[in-house]
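In case you want the letters, here they are:
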Amino acid sequence: MKKHVCVVCGYVYDPVAGDPDSGVAANTDFADVPADWVCPICGAGTDQFEVED
């Protein structure tokens, strides 16, 4: 599972941590986050994330 970074604001989605405040459990791969999940910082959609180098 790789981290993904929001290209809009720089937020890093860490699959180990997930995003429990938004209903995404820990150990959830980015490919498995709900389609309506958005960046908790800026509200960008999943299409605005790239794999972190």
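Treat the numbers as computed from the prediction; the structure is a model and nothing was measured.

1. Some words on the side chain of His4
Right, so step 1: Relative to the helices and strands, His4 resides in strand E1 (residues 4-6).
Right, so step 2: For His4, a relative accessible area of 12% puts it in the buried group.
Right, so step 3: A distance of 3.2 Å separates the side chain of His4 from the backbone oxygen of Lys2, its partner in a polar contact.
Right, so step 4: Contacts of His4, omitting those with residues within four sequence positions, involve Tyr11, Val12, Tyr13, Phe30, Phe49, Glu50, Val51 and Glu52.

2. Here we look at the packing of aromatic side chains
Right, so step 1: Counted according to the given criterion, the structure contains 6 aromatic pairs.
Right, so step 2: Aromatic side chains Phe30 and Trp37 sit 6.2 Å apart centroid to centroid with 90 degrees between the ring planes, which places their arrangement in the edge-to-face category.
Right, so step 3: We classify Trp37 as buried; its relative accessible area is 4%.
Right, so step 4: Pairwise contacts between aromatic rings join Tyr11, Tyr13, Phe30, Trp37 and Phe49 into one cluster.

3. Looking at the state of the cysteines
Right, so step 1: Scanning all chains against the criterion turns up 0 disulfides.
Right, so step 2: No disulfide involves Cys9; its sulfur sits 3.6 Å from the nearest other cysteine sulfur, which is in Cys39.
Right, so step 3: What makes Cys9 partly exposed here is its relative accessible area of 34%.
Right, so step 4: Its sulfur unpaired, Cys42 is 3.7 Å from the next cysteine sulfur, which belongs to Cys6.

What counts, and where the lines are drawn
- Residues numbered from 1 in each chain as written.
- Predicted model: local features only at pLDDT ≥ 70, side-chain atom pairs only at ≥ 80, totals over all residues.
- Heavy atoms only, no water.
- Helix = DSSP H or I, 4+ residues; strand = E, 2+ residues; numbered from the N terminus.
- Buried < 20%, exposed > 50% of the residue type's maximum accessible area, 1.4 Å probe, protein only.
- Polar contact = N/O pair within 3.5 Å; in protein donor to acceptor, adjacent residues only side chain to side chain.
- Contact = heavy atoms within 4.5 Å.
- Phe/Tyr/Trp six-rings, centres within 6.5 Å; stacked < 30°, edge-to-face > 60°.
- Disulfide = S-S within 2.5 Å.

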